[in-house]
Amino acid sequence: MKQNRLRIALQKSGKLSKDSFDLLRKCGLSIFESKRQLFCRIQELPIDLLLVRDDDIPAFVSENICDLGIVGENVFKETTFSEEKNIDLKTILPLGFSKCRLSLAIPDTMTFNSVKDLANMKIATSYPGILEQYLKSKNVEAEIVKMEGSVEVAPHLQISDVICDIVSTGSTLEANGLIETETILKSQALLIGRENNMSTEKKDIANKLIKRMKGVISARESKYVMLNAPKAKLEEITALLPGADSPTIMQLENPDKVAVHAVCSEPVFWETMEELKQAGATAILVMPIEKILS
Ligand code: PRT
Ligand code: ZN
């Protein structure tokens, strides 16, 4: 009988790949990558990975070639805005990596007060669907020039007046004499799937994987904190622990002191540790958590 294996589309090589592979590895999947390989069979669960260009991932999922995919929100939104037919895609889980933004940027010689100043200008972008929606929402009419890449050189070549492109650190814009003015979309990697149903077998595998992914994502931010506290200061100290549900309190040999152990679901900064110390806590340990299943 043909095995009902779940197929996931991933970017083969690029800014999404490493974190996508790392996430799946942390979910217990062994992945052996090879440069020429397009297909990767997972041993631990009935899952196959299809390694492709990121732009093809929404279509692979909507056309039922794959059941799930990991893609940037920018590419996902562009597909859903620009496809004529109603494509059957949904976001299952934001994954919190490959963060970037889609922004408007102008030459540093140009003055800019508001997006209204872009009326009748030429805007170069690889994201015409998202840009069109944005301009419509602002009641601005401008000419969109579609480019596949190297958008940042468009104003130099007089292809456009301004651009709308992906920004991460901002160094590409700066190197090309451009200034970021408006953020149109904040993006991160998404796990996507179809609206319509999968077979029960596939759904079970997908749900198992999604639960593990959620566990990895919440563990990423969470820390296990251990400290000793004077009993008299216990309330003040536990109130300082960020996102701690119900700490474990244990009596120490010294009758005036207790040990406090807690899972903090929000980042524990140096400032928090300094405040804990000031409140009387000692031996403060902050440890990473690998997995959480709740
Ligand atoms: O070959 P393939 O088609 O699969 O890959 P690709 O070259 O189209 O995409 P890739 O790997 O560059 O990016 C994949 C996804 O990563 C994007 O769709 C975004 O969701 C996300 N991402 C995160 C980024 C960036 N950061 C990023 N900095 N995508 C692109 N960039 C580019 C941007 O286009 C610009 O040229 O980096 C430059 C800006 O970076 P800074 O740091 O100079 O601002
Ligand atoms: Zn691409």
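Anything mentioned here points back to the structure above.
Calculation criteria
- Residues numbered from 1 in each chain as written.
- Chains lettered and ligands numbered in written order.
- Predicted model: local features only at pLDDT ≥ 70, side-chain atom pairs only at ≥ 80, totals over all residues.
- Heavy atoms only, no water.
- Buried < 20%, exposed > 50% of the residue type's maximum accessible area, 1.4 Å probe, protein only.
- Helix = DSSP H or I, 4+ residues; strand = E, 2+ residues; numbered from the N terminus.
- Arc of directions from axis to C-beta.
- Contact = heavy atoms within 4.5 Å.
- Near = heavy atom within 4 Å.
- Polar contact = N/O pair within 3.5 Å; in protein donor to acceptor, adjacent residues only side chain to side chain.
- Nonpolar A, V, L, I, M, F, W, Y, C, P; charged D, E, K, R; others polar.
- Axes fitted to C-alpha atoms, helices over the stretch in contact; angles between N-to-C directions.
- Parallel < 35°, antiparallel > 145°, perpendicular 65-115°, else oblique.
- Donors = N, O, S within 2.8 Å, 3.2 Å for Na, K, Ca; no water.
- Tetrahedral: all angles 85-135°; square planar, octahedral: opposite > 155°, others 65-115°.

Draft legend 1. Quick look at helix α1 (residues 17-26). Ser17, Ser20, Phe21, Leu23 and Leu24 are the residues of α1 that are buried. On an axial view of α1, the arc spanned by its buried residues comes to 160°, and they lie on one face. Every exposed residue of α1 that faces more than 90 degrees away from the buried side is listed here: Lys18 and Lys26. Next to the buried residues of α1 lie β1 (6-11), β3 (47-52), β4 (68-72) and α6 (200-221).

Draft legend 2. How the structure looks around the site of ligand 1. Every one of the 19 residues lining ligand 1 counts as a neighbour, but Lys15, Arg53, Asn74, Thr169 and Thr172 are closest to it. Between ligand 1 and glutamine 11 there is a distance of 2.8 Å, counted from an oxygen atom to a side-chain nitrogen or oxygen. Between ligand 1 and lysine 15, the relevant distance is 2.7 Å, taken from an oxygen atom to a main-chain nitrogen or oxygen of the residue. Within the residue set of the shell around ligand 1, elements represented by two or more residues are α3 (73-82), β9 (162-167) and α5 (171-175). Of the residues contributing to the shell around ligand 1, the split by class is five nonpolar, ten polar and four charged.

Draft legend 3. Broad picture of the packing of α3 against helix α4 (residues 128-137). Interaxial distance between α3 and α4 falls to 7 Å at its minimum, and their mutual angle equals 70°. The orientation of α3 with respect to α4, classified from their angle, is roughly perpendicular. Of α4, the residues touching α3 (which contributes Asn74, Lys77, Glu78, Phe81 and Ser82) are Pro128, Gly129, Ile130 and Gln133. When its residues are assigned to classes, the contact of α3 with α4 shows three nonpolar, four polar and two charged.

Draft legend 4. Inspection of the environment of serine 199 at higher detail. Residue placement: serine 199 occurs in the loop between β11 (189-194) and α6. A residue is classified by how much of its surface remains accessible, and serine 199, at 30% relative accessible area, is partly exposed. Measuring from C-alpha to C-alpha, the distance between serine 199 and asparagine 4 comes to 8.4 Å, with 195 residues separating the pair along the chain. Here asparagine 4 takes part through its side chain, which lies 3.0 Å from a polar atom of the side chain of serine 199.

Draft legend 5. Representation of the coordination of the zinc ion (ligand 2). Binding of the zinc ion (ligand 2) to the protein goes through Asp54 (OD) and Asp55 (OD), at separations of 2.0 to 2.1 Å. Bound by four donor atoms, the zinc ion (ligand 2) shows angles of 76 to 171° at the metal and therefore irregular coordination geometry. Judged by relative accessible area, which is 43%, aspartate 55 ranks as partly exposed.

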